[in-house]
Amino acid sequence: MENNHLPQNVPDGDRDLIESFDLERFWYVLKRSRLWMLALIILTSSAAYIYVRYTKPVYSSESVIKLEFQSEASTLGLVDIGNTQDRNEISGEIELIKSPLFLSRVANAAKMDVSYHLYGRYLTDERYRNSPFRVSYKIINTDFYNRPFDVQFGAEDSFSLSYDWGGEKVTKIYNFGEEIKTPNFNFLIHRTDHFRSDDDNTYFFIISSEERQVKTLQNNLSVLPENFNAKTIRISYSDHNKYKARDLVDLIDSLYLDYTREVKNLAIEQKINFLDKQIESTEEKLSEYEDYFEQFTIENRTTNLGEDLNRTIEQLSILDSQRYSLRKNTNDLRVIQKRVKAKGALSVNPLLLEALPGPLSRAIVEYSDLQQQKELKLASYNETSYVIEQLDLKLEKSKEELTNLVESYDEALQDRLVQIDRRRRILESNLSQMPSMGTEYGKNRRVYGLQENFMLQLQTSKMELEITRAGTVTKNVILSPASLPGSPIKPQKALIIGAGFMIGVVLSIVFLLIRYLAHNKVAGVRELERLVNVPVLGAVPHYKKEQLNQTSLVVKNDSKSSLSEALRTIRTNMDFIHNGSGSRTISVTSTISGEGKTFVASNLGAIMAMTGQKVCVVDIDMRKPKVHLAFGAVSTQEGVSTILAGKANVKESIQKTPIDGLFFISAGPTPPNPSELLLQAEFDNMLDDLKNQFDVVILDTPPVGLVTDGRLVMKYCDIQLYIVRADYSKRSFVKVLNDLKATGQFSKMTAILNSIDSTPGYGYGYGYGYGYYTEEGTSKRKRVASSLKNLF
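The structure displayed is predicted, hence computed values, not measured ones. (Residues numbered from 1 in each chain as written. Predicted model: local features only at pLDDT ≥ 70, side-chain atom pairs only at ≥ 80, totals over all residues. Heavy atoms only, no water.)

Side chains of Y49, I50, Y54, Y122, L123 and I497 sit close together on the surface and give an oily, nonpolar patch of about 570 Å² of accessible area. Structurally, the position occupied by I497 is in helix α14 (residues 493-518). (Patch = residues over 30% accessible without salt bridge, like charges linked within 9 Å, V, L, I, M, F, W, Y side chains within 5 Å. Areas by Shrake-Rupley, 256 points an atom, 1.4 Å probe, with all protein chains shown as cover. Salt bridge = Lys/Arg side-chain N within 4 Å of Asp/Glu carboxyl O. Helix = DSSP H or I, 4+ residues; strand = E, 2+ residues; numbered from the N terminus.)

So, in structure tokens, the structure goes:
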């Protein structure tokens, strides 16, 4: 059907799309689907509401920390181009905070090993800091980690403890403060200030393993860079309890600052540990010498062996002191050489550094500092990273320089040792005449004095390092401390309910479109007009006053209904189609059974009879006869089949109906060959006989889409009525009607839409209405009849 209302500038593709869209069918499907669509919207909105109602809210607490890093490029006097180094440092700090090692510290500090919960009607609630009881525990069997233990308060100080073990539930009664000992665990449960004696709720607690605590922290913790240029990171933690979320973020912040302070003090701690070992060793030696002196004095009761002896001893002491110092330095140099070659950790006595030449001391300090920097960087970077590679290059260069200086200084020390040994042999030769005990005593006294001086230097160095450690502060700063969340981050009620509503709307639209595209049945008069190549006489509304289990004559009791008026309109339109004088023969057929051809035939006959015409309805459908049911009669042995078989005549087969002027002939007994009977001359004789007796003969034929009987009968009729049932007959059925019209044998083929919904707004109006009491209805009916007359 061409749409003349589209603008001329609409593209052909869009025009075809618009014209293919059947608005009438769309509104029909919409009306039939509106309850389902509403149900879908209500269903999805209700599902969203239920999700929001029974989902535990999640709160998130956040803090912002500003980081400070020492640029290696600036330390070496180079220019740092870009902020790649800062990004790497920030990423390393983020991974440090999220690492299991750091989070295990957080879990231990937060005491997350035991969590307390309350059973609600549908959900559980964690009792953070307000649990009515506390649990001390010792887990013997690790299978009892990460499982719930139910606690139900009883009378006075008693409670029941329940847990699952081996597929069975174990329940026992205990008293608060009573030690609970089992082969798997030991518990001690105490009441807290939040305990109420009338509390009949059921609680449970879970003892989490360290792995589960760390996993929980990792799942709920988020550490993201806030601003790379400002070197800030945002730490957030999500939990169902907003107070717990805030406390954990606070704890993570403080532990992170403490951890960075520990890293900065790592080199100082190593030096202090070295000094402690040296002090301990020196104290042991001094104690030995003091015991010797005490014993020597007791045994010899003197320490003065003469001025010569003293003088000699003094000179030897000086030489021994020098030789000791030189040998010690030589040994230290050997150790330094060995560690440098092995690339091991280089820790040098601060006193030795002071005694060494300036270039060598600075080379040792530089090499040691580079090693410490590498150890610190390895905590955040791997061996193959760019930062570590650059440090390795610096270490290699420093190692080469240090090796050359050590070798040079070692040669100088060896020369000095040779000179001292030569002088010492001369003095010892002179001293050989002195008592051996005086020599031993003096020797020990010299060594003791050296050890005393060494001890004093060690203690001074240690005190300076401890003062430095006490004054160490981190440069990282908390810009925004953890906040107490005001509202949950999820579920977002408005968003979820809105999304549920929109999903319902979308599903409803999709459902509507699917039903529209899948709707392959004729629904309205205008749709039928577009599909068929024959005139549409009218539409018969659906009869709603009572449930019809079979074909029935309804116009008898309700002659002023819309259905009766519709049949009158069809009757009037037929008058314009065939306005000749004499008897008229009308065939009524359909594509398949169930489309209402017998209903239309019987009731249309009744409407015609009410105008004073003599009408006979003949049931030609001998395979599935129904005309006698419409008139409330019983099928007799006389009918069409017996007339055509020559066993009965027309006169004795005609039966009366409750309506004056309306008669019918039933189909009679079902013959084995209905089509052959219709081809015999008896059928022509029967029609001639009926035309002589009646003004209108209505032939109820079999469905033409199933058998050929209907086509054989239709060619004898003046008017051929083709019944299409609304919302029952498929759109493909009209092809049979169009094919019949295309044969050219049925010039007065027309269509009637049966059982159409008479609700205003769809199809039934047909442009003329059925309000026959009004002038408007009458005028519309006349206009349609006039158009049909012009058509034929």
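Glancing now at unusual backbone geometry. Most peptide bonds take the trans configuration, and most residues that are not glycine carry a negative phi. Cis peptide bonds are those with omega within 30 degrees of zero, and the linkage from K490 to P491 qualifies with 0°. You can see P491 is positioned in the loop between β13 (477-480) and α14. Positive phi is not limited to glycine here, since N146 has a value of about 60°. Mapping N146 onto the fold places it in the loop between β4 (133-139) and β5 (148-153). For N146, a relative accessible area of 31% corresponds to the partly exposed category. (Buried < 20%, exposed > 50% of the residue type's maximum accessible area, 1.4 Å probe, protein only.)

This part takes up the sheet that holds strand β16 (residues 615-619). With respect to topology, 8 strands assemble into an open sheet ordered β14-β21-β20-β15-β19-β16-β18-β17, the strand pairing being mixed. With one partner strand each, in any of the chains shown, β14 (536-541) and β17 (655-656) form the two edges of the open sheet. Direction of pairing for strand β20 (residues 719-725) relative to strand β21 (residues 749-756): parallel, over a ladder of 6 bridges. Residue R725 lies in a different strand from β21, and its bridge partner there is N754. Across the sheet, helix α16 (residues 562-577) is in contact with β14, β15 (584-590), β20 and β21; its angle to β14 comes to roughly 165°. (Pairing = 2+ DSSP bridges. Contact = heavy atoms within 4.5 Å. Axes fitted to C-alpha atoms, helices over the stretch in contact; angles between N-to-C directions.)

The next point concerns the confidence of the model for the chain. Of all residues in the chain, 83% have pLDDT values of 70 or greater, and the mean over the chain is 81. Across residues 760-785, where pLDDT falls below 50, the model places 54 contacts with residues more than four positions away in sequence or in other chains. (pLDDT = per-residue confidence, 0-100.)

What follows concerns the environment of P132. With respect to the helices, strands and loops of the structure, P132 is situated in the loop between β3 (124-126) and β4. With 63 residues separating them in the primary sequence, P132 and F195 have C-alpha atoms 4.1 Å apart. Ignoring sequence-local partners within four residues, the contact set of P132 consists of F153, H190, R191, T192, H194, F195 and Y203.

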